[in-house]
Amino acid sequence: MEQYITLSRLRFYSRHGVDPQERRVGAHFTLSLRIATDFSRAMTTDDVADTLDYGAVYRAVRDEMDRPSRLLEHVAGRILHRLFADFPCIESVALELTKDNPPMGADCLGAGIAVTVSRADFE
């Protein structure tokens, strides 16, 4: 059985960007996670201790989004390292991070990155 905890389209106002102006002014970002973890016990116990607390995951992600970086790739790497360090029950993570309305002269909703990694990729 495959089991995932998802956090879809989390919105952040953060200060990431190559241009110093982007880090001063900030921008909106959208982040989605699909986290593989075993929550089969919680399906019968109805106890949050038997699953991954997505509120705690959100707080860890928020902390990393609050730290400015030049590259979205760097932000994603920090988030992934933090999730694997803080939550031993996480088996893998699919992460998508988008800068909404990026300053590149294009009419688009966003530009970003997507990555899927397993715990073994970080050990």
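To be clear, the structure that these remarks concern was listed above.
Every residue gets a number counted from 1 within its own chain, in the order that chain's sequence is written. Per-residue local features of the predicted model are confined to residues with pLDDT of at least 70, and side-chain atom pairs are confined, for both listing and counting, to 80 or more; whole-chain, interface and lining totals are unaffected and use all residues. Working from all heavy atoms in the structure, the side-chain values ignore hydrogens and water.

Points about the overall build of the protein
Move 1: Secondary structure summary: the protein contains four helices and four strands in total.
Move 2: Listed N to C, the secondary structure of the protein is β-α-β-α-α-α-β-β in terms of helices and strands.
Move 3: Oriented by its inertia axes, the alpha-carbon framework of the protein measures out at about 50 × 30 × 20 Å.
Move 4: Burial classes: relative accessible area under 20% of the type maximum marks a residue as buried, over 50% as exposed, and values in between as partly exposed (1.4 Å probe, protein chains only). The buried share among the 123 residues of the protein stands at 40%.
Move 5: Throughout, a contact is declared for two residues whenever any of their heavy atoms are within 4.5 Å. Considering only residue pairs separated by 6 or more positions, the protein has 59% of its internal contacts joining residues 24 or more positions apart.
Move 6: Split by element, the accessible area of the protein, about 7300 Å² in all, is 50% carbon and sulfur.
Move 7: Charge-centre separation for the protein: the mean point of 15 positive side chains lies 8 Å from the mean point of 19 negative side chains. Each helix corresponds to a stretch of at least 4 residues labelled H or I by DSSP, and each strand to a stretch of at least 2 residues labelled E; elements are numbered beginning at the N terminus. Here the Shrake-Rupley method, with its probe set to 1.4 Å, supplies the accessible areas, and only the displayed protein chains count as covering residues. Only four residue types enter the charge count, namely Lys and Arg as positive and Asp and Glu as negative; His and the chain termini do not. Where a charge lies is defined by one atom per residue type: Lys uses NZ, Arg uses CZ, Asp uses CG and Glu uses CD.

Some words on the environment of Leu 97
Move 1: With respect to the element layout, Leu 97 can be found in strand β3 (residues 90-100).
Move 2: Counting along the chain gives 23 residues from Leu 97 to Ala 120, while the straight-line C-alpha distance between them is 22 Å.
Move 3: Leu 97 has contacts with Phe 29, Thr 30, Leu 31, Met 65, Leu 72, Val 75, Ala 111, Gly 112 and Ile 113, leaving out every residue within four places of it along the chain.

A closer look at the nonpolar core
Move 1: Buried residues of nine kinds, namely Ala, Val, Leu, Ile, Met, Phe, Trp, Tyr and Cys, make up a nonpolar core once their side-chain atoms join them within 4.5 Å. In terms of nonpolar packing, the biggest core is built from 31 residues, with Leu 33 and Leu 83 touching the most fellow members.
Move 2: Contributions of two or more residues to this core are made by β1 (4-14), β2 (27-37), α3 (54-65), α4 (72-86), β3 and β4 (110-118).
Move 3: Top contributing element to this core by residue count: α4, with seven residues.
Move 4: Contacts of Leu 83, omitting those with residues within four sequence positions, involve Leu 33, Val 57, Ala 60, Val 61, Ile 90 and Val 93.

So, the environment of Phe 84
Move 1: Checked against the element boundaries, Phe 84 lands in helix α4.
Move 2: C-alpha separation for the pair Phe 84 and Ala 120, spaced 36 residues apart in sequence, amounts to 9.9 Å.
Move 3: Contacts of Phe 84, omitting those with residues within four sequence positions, involve Ile 90, Glu 91, Ser 92, Val 93, Val 117, Ser 118, Arg 119 and Phe 122.

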